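Descriptive analysis of the structure
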Amino acid sequence: MDALNPQSAIKPQIDPQGLDRRAHRNLLLLACCQAVGQSCNTMMFAATGLSVITFYHRPDLANLPVTMQHIGVMIWVFPAALLMQRMGRSIGFRVGSLFGMAGAAVMSIGLYTANFFLMCAGGLILGYAVACLQMYRFAAAELVPLSYRAKAISWVTAGGVAAAVIGPSLVRVTHDLAMPLYLATYAAILGLHVIVFTIMSFISFPPVAAASAAAGPAEAAAPPRPLWMIASQPRFIASAMAGMLAFGTMSFLMSASPLAIVGCGFPHSEAHWVIFMHVLGMFVPSFFTGNLINRFGTTMVMSAGIVLMLIGVAAALSGTAEWNFRIALTVNGVGWNFLFVGATALVTTCYRPNERGKAQALNDLLVFSTTATSSFMAGFLQDKWGWQPLNWFSVLLMLAAAAAVLWLRMQRASLSPAQ
């Protein structure tokens, strides 16, 4: 098992066996869930601010329901992960879909009754569904042999490509189908969670007992280690730091870029186009990131991701024309993909099966608390500092990520098996 092999997912691996039809089917269905579930998240971002200002005339608070969703992820990530640890992925993910339905219903009622606080409560409930959505990548790693983990994570993440098309398209179609505006959009989000719930019924996740037994006698008999012991492993520290800095920097620049684009005198349509290119940059590479990791090694791909994100910053610092924004955000998305998929692959090698719930929850708590903070601060700092100082600050974040990856490479010779 990889938790007992300190070199797994770090060195390139040769896989002697192919995936069977059942594994391919499970991964395809999970990628479909990723596409549909991520579409809900995209629709939430696209519709919330515009729907709130139709009745609540405080533009500075219009995105508070989205912020509450981020907070909800932080609150719910441990309960969601531990439920899956105890009851299995199938039940855990379907509970997440139920929360998604409930959250979308509360958002709809809040909008219909013009109740801002009810919409914030709906965002908080939706946070549970998003916390489950972020765990699809870990579930993908559990559906395949060790040497296919990076590919599986990459393939499921690629579902975001479809979400980049489905989400905005549904918002455009539904925003004025019912009054008040965007009421039908939240109804569509509820319907999408019903679809996810249904698809999950057809995915064969390994039972909890079977997953533990497959780990081998040594791991099956060993009691779970304390969380601090798992988190103190050099590999966990480095991979968690890389994931935090990748998502934090990406969210930082993505959240500020529309304000910067409009501030430079470009139309809102240009901001929409740049964000679309950025999202494609984030998810299209997932079709081959896993192959790159297996061929060149995780730390090499993560290093390439850091370099790409720095190139994106350089493009942003070189000017404020349309193509500066387009190139900067697209390359930033590709770099995020390399760095984040690599970090996720490494995290899966830091724990035993009976430790996965708390270890994955801690990782996602760290990553998405960083995301919430960076997205909240982006607008404020863009207003106070401006676009280019914001990018200079991002250089410091990427240098910190580079230090984490370099530290990981230096640790390779001295890594010891988990006890």
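Residues numbered from 1 in each chain as written. Predicted model: local features only at pLDDT ≥ 70, side-chain atom pairs only at ≥ 80, totals over all residues. Heavy atoms only, no water.

We now examine the pattern of salt bridges. A full pass over the atoms with the stated rule returns 5 salt bridges. We note a salt bridge from R137 to D364, for which the minimum N-O separation is 2.6 Å. Residue R137 is found in helix 5 (residues 136-142), and its partner D364 is found in helix 17 (residues 356-384); the two are separated by 227 residues along the sequence. For R137, a relative accessible area of 5% gives the class buried. Residue D364 is classed as buried on the basis of its relative accessible area of 1%. Taking the shortest distance from any N to any O, the salt bridge between E142 and R356 comes out at 3.1 Å. Here E142 is found in helix 5, whereas its partner R356 is found in helix 17, with 214 residues between them in sequence. Take R356: its relative accessible area is 7%, and that puts it in the buried class. Each of R89, E142 and R356 takes part in a single network of salt bridges with overlapping partners. (Salt bridge = Lys/Arg side-chain N within 4 Å of Asp/Glu carboxyl O. Helix = DSSP H or I, 4+ residues; strand = E, 2+ residues; numbered from the N terminus. Buried < 20%, exposed > 50% of the residue type's maximum accessible area, 1.4 Å probe, protein only.)

Ranked by internal contacts, the top residues of the largest apolar core, which has 80 residues, are L30, F93, Y136, Y186, M200 and L339. Considering each element in turn, this core owes the most residues, 11 residues, to helix 1 (residues 21-52). Setting aside its immediate chain neighbours within four residues, L339 contacts A242, A246, M302, G305, I306, M309, M398 and A401. In terms of nonpolar packing, the next biggest core, distinct from the first, is built from 18 residues, I261, V274, A316 and L329 among them. (Core = buried A, V, L, I, M, F, W, Y, C linked by side-chain atoms within 4.5 Å. Contact = heavy atoms within 4.5 Å.)

Here we take up the environment of L292. Take L292: it is sitting in helix 14 (residues 286-296). If near-sequence neighbours (up to four positions away) are discounted, L292 is found in contact with G297, V301 and F338.

As a further point, take unusual backbone geometry. In this chain, M179 is followed by P180 through a cis amide linkage whose omega measures 0°. Among the secondary structure elements, P180 is positioned in the loop between helix 7 (159-174) and helix 8 (183-200). The residue A114 is not glycine, and still its phi comes out positive at about 55°. Inspection of the secondary structure assignment puts A114 in the loop between helix 3 (89-112) and helix 4 (116-133). Positive phi is not limited to glycine here, since Y182 has a value of about 75°. With respect to the element layout, Y182 can be found in the loop between helix 7 and helix 8. Y182 sits in the buried class, given a relative accessible area of 10%.

Take the environment of G167 next. Residue position: G167 is located in helix 7. The exposure class assigned to G167 is buried, which follows from its relative accessible area of 0%. Between the C-alpha atom of G167 and that of G37, which follows or precedes it by 130 residues, the distance is 9.5 Å. Leave out the neighbours within four places in its chain, and G167 touches S39, T42 and M43.

So, about the packing of helix 12 (residues 234-263) against helix 15 (residues 298-317). With their axes 12 Å apart at the nearest point, helix 12 and helix 15 run at an angle of 20° to one another. Comparing their axes, helix 15 and helix 12 come out roughly parallel. In the packing of helix 12 onto helix 15, the handedness of the crossing is left-handed. Of the residues in helix 15, those in contact with A242, A246, T249, M250 and L253 of helix 12 are M302, M309 and V313. Broken down by class, the residue content of the contact of helix 12 with helix 15 amounts to 7 nonpolar, 1 polar and no charged. (Axes fitted to C-alpha atoms, helices over the stretch in contact; angles between N-to-C directions. Parallel < 35°, antiparallel > 145°, perpendicular 65-115°, else oblique. Left-handed = near helix turned anticlockwise from the far one by under 90°. Nonpolar A, V, L, I, M, F, W, Y, C, P; charged D, E, K, R; others polar.)

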